[in-house]
Amino acid sequence: MNAPFPDPSSPLPGIVNGLSVDVEDWFQVGAFENVIARGEWDSIKTRVEDNVYRVIDLFAEADVSATFFTLGWVAKRHPNMIRRIVDAGHEIASHGYDHARVFTFTRAEFAEDIRKARAILEDCSGVAVTGYRAPSFSIDGRTPWAFAELAEQGYAYSSSVAPVVHDHYGWPEAPRFAFKPLPWSSMIELPVTTAILGGRRVAAGGGGFFRVLPYGFSRWAIRQVNRREGRPAMFYFHPWEVDPDQPRVGHAPLRSRFRHYTGLARMAEKLRDLVHEFRWGRMDLVAHREAARAEPLVLPERAEDALA
Ligand SMILES: [Zn+2]
């Protein structure tokens, strides 16, 4: 069992880590996108509200604020939930409209997707949306126009890059910490956290890794980032991850099922340890604090060609 409260001797003054929740229902995840079609979504029993309320309660216990990157599709159907999130002091930001990954769009389609999602989110919340997270961290070398579109639409920050090798996503050439993707805009990207293990980058910012691996791994990784590198970590998870009773999709591939269902029962307890052990805040606050330290994006030659 891990310490339930922060260790007062913990040398983390000043560092506030970014805490985020990607708000989508249990059937809208990348792992099931080939077995549950978007056309079926409206006929499936939703669980997202109850799960979000569970998350809000968990954050309230630790007195932390976070950012809820929410699908426009979900907000449209659950406007009261959006208001509850805002009333609890959290940030509402965009996760796109219906979880289509950025590299499946043309720039014009992407522009329309983020415009549509934001209009719904601002309508429901009554507050300006200034942050964006691409579904499945799908901004990478294939989408050189994505940051420009976000900046043109007035976003202050994005947290859409996983600077790591992964079979479903990842942009391993990208910087590990806050960077300015465009020379003409102050918009910054806050990549999801990676740690260095045996000279390699490993994903350490949440999602399935947090659920599947022991909590000690995440503690080690966040300490490495905070103490040795002096930077904030960016952590994310999903509301369905605190819902061990969700329906099982039996006809999904074995690997998808493993990724989706392993560790659900212990997830809430692990999150509790995590939010109590480190300092956390909303992503807009972290973006503001990181702005002065964000480096211009410089890529190795191979990736630079793709951006030309
Ligand atoms: Zn997502």
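Read on for a plain summary of the structure. (Residues numbered from 1 in each chain as written. Predicted model: local features only at pLDDT ≥ 70, side-chain atom pairs only at ≥ 80, totals over all residues. Heavy atoms only, no water.)

Glancing now at the nonpolar core. One finds Phe59, Phe68 and Phe237 to be the most contacted residues of the largest nonpolar core, which totals 78 residues. Leave out the neighbours within four places in its chain, and Phe59 touches Leu19, Val21, Val64, Ala66, Phe68, His90, Phe237 and Val275. Judged by nonpolar contacts, the second largest core, of twelve residues, contains Ala93, Ile188, Met283 and Val286. (Core = buried A, V, L, I, M, F, W, Y, C linked by side-chain atoms within 4.5 Å. Buried < 20%, exposed > 50% of the residue type's maximum accessible area, 1.4 Å probe, protein only. Contact = heavy atoms within 4.5 Å.)

Let's shift gears to helix H7 (residues 215–228). Taking 1.5 Å of rise per residue, 14 residues should cover 20 Å, and H7 covers 19 Å from first to last C-alpha, within 8% of that figure. Those residues of H7 that fall on the buried side of the exposure criterion are Tyr215, Phe217, Ser218, Arg219, Ala221, Ile222, Gln224, Val225 and Asn226. Elements in contact with the buried residues of H7: strand E1 (17–23), strand E8 (194–197), strand E9 (200–203), helix H6 (208–212), helix H9 (264–277) and strand E11 (280–281). Phi turns positive one or two residues past the end of H7, at Gly230, with a value near 70°. (Helix = DSSP H or I, 4+ residues; strand = E, 2+ residues; numbered from the N terminus. Expected span 1.5 Å × (residues − 1).)

Moving on, we come to the pairing of E1. Burial within E1 is extensive, with seven of its seven residues counted as buried. Of the two faces of E1, both are covered, the one formed by Asn17, Leu19, Val21 and Val23 as well as the one formed by Gly18, Ser20 and Asp22. Note that E1 and strand E10 (residues 234–237) share four bridges and pair parallel. Bridging from a neighbouring strand, Ser20 pairs with Tyr236 of E10. Sheet analysis places E1 next to strand E2 (residues 67–70), joined by four bridges and oriented parallel. Bridge pairing links Val23 to Thr70 in E2. You can see the chain leave E1, run along helix H1 (residues 48–62) and come back into E2, and the turn it takes is right-handed. (Pairing = 2+ DSSP bridges. Right-handed = clockwise from strand over helix to strand, strands pointing away.)

What follows concerns the packing of H1 against H9. Relative to each other, H1 and H9 sit at 35°, their axes nearing to 9 Å. With respect to the hand of their crossing, H1 and H9 are arranged in right-handed fashion. Taken together, the residues of H9 that come into contact with H1 (itself represented by Leu58, Phe59, Glu61 and Ala62) are Ala268, Leu271, Arg272, Val275 and His276. The residue makeup of the contact of H1 with H9, split by class, is six nonpolar, one polar and two charged. (Axes fitted to C-alpha atoms, helices over the stretch in contact; angles between N-to-C directions. Left-handed = near helix turned anticlockwise from the far one by under 90°. Nonpolar A, V, L, I, M, F, W, Y, C, P; charged D, E, K, R; others polar.)

Time to look at the coordination of the zinc ion. Those protein atoms acting as donors to the zinc ion are Glu24 (OE), His95 (NE2) and His99 (NE2), and they sit at 2.0 to 2.1 Å. Written as a sequence motif, the donor residues of the zinc ion are E-x70-H-x3-H. Taken together, the residues span a long stretch of sequence, with Glu24 in the loop between E1 and H1 and His99 in the loop between strand E3 (91–94) and helix H4 (107–125) at a distance of 75 residues. (Donors = N, O, S within 2.8 Å, 3.2 Å for Na, K, Ca; no water.)

Now for unusual backbone geometry. Backbone geometry places Ser136, a non-glycine residue, at a positive phi of 50°. Inspection of the secondary structure assignment puts Ser136 in the loop between strand E4 (131–132) and helix H5 (146–152). Not every positive phi belongs to a glycine, and Phe137 is a case in point at roughly 45°. The class for Phe137 is buried, based on a relative accessible area of 3%.

Another aspect to go through is the pattern of salt bridges. Evaluated as defined, the whole model comprises 18 salt bridges. Between Arg176 and Glu229 there is a salt bridge, with the nearest N and O atoms lying 2.8 Å from each other. One end of the pair, Arg176, is in the loop between strand E5 (157–158) and strand E6 (179–180); the other, Glu229, is in the loop between H7 and E10, and 53 residues separate them in sequence. A residue is classified by how much of its surface remains accessible, and Arg176, at 12% relative accessible area, is buried. For Arg223, the salt bridge is made with Glu277, and the minimal N-O distance between the two is 3.1 Å. You can see Arg223 sitting in helix H7 and its partner Glu277 sitting in helix H9, a full 54 residues away along the chain. Where salt bridges share partners, they join Arg107, Glu149 and Glu152 into one cluster. (Salt bridge = Lys/Arg side-chain N within 4 Å of Asp/Glu carboxyl O.)

If you trace the backbone, Asp113 turns up in helix H4. For the buried residue Asp113, which engages in no salt bridge, the nearest side chain bearing the opposite charge is Lys116, 6.8 Å off. At 3.2 Å, the side chain of Asp113 and the backbone nitrogen of Tyr97 are in polar contact. (Lys, Arg positive; Asp, Glu negative; His and termini not counted. Polar contact = N/O pair within 3.5 Å; in protein donor to acceptor, adjacent residues only side chain to side chain.)

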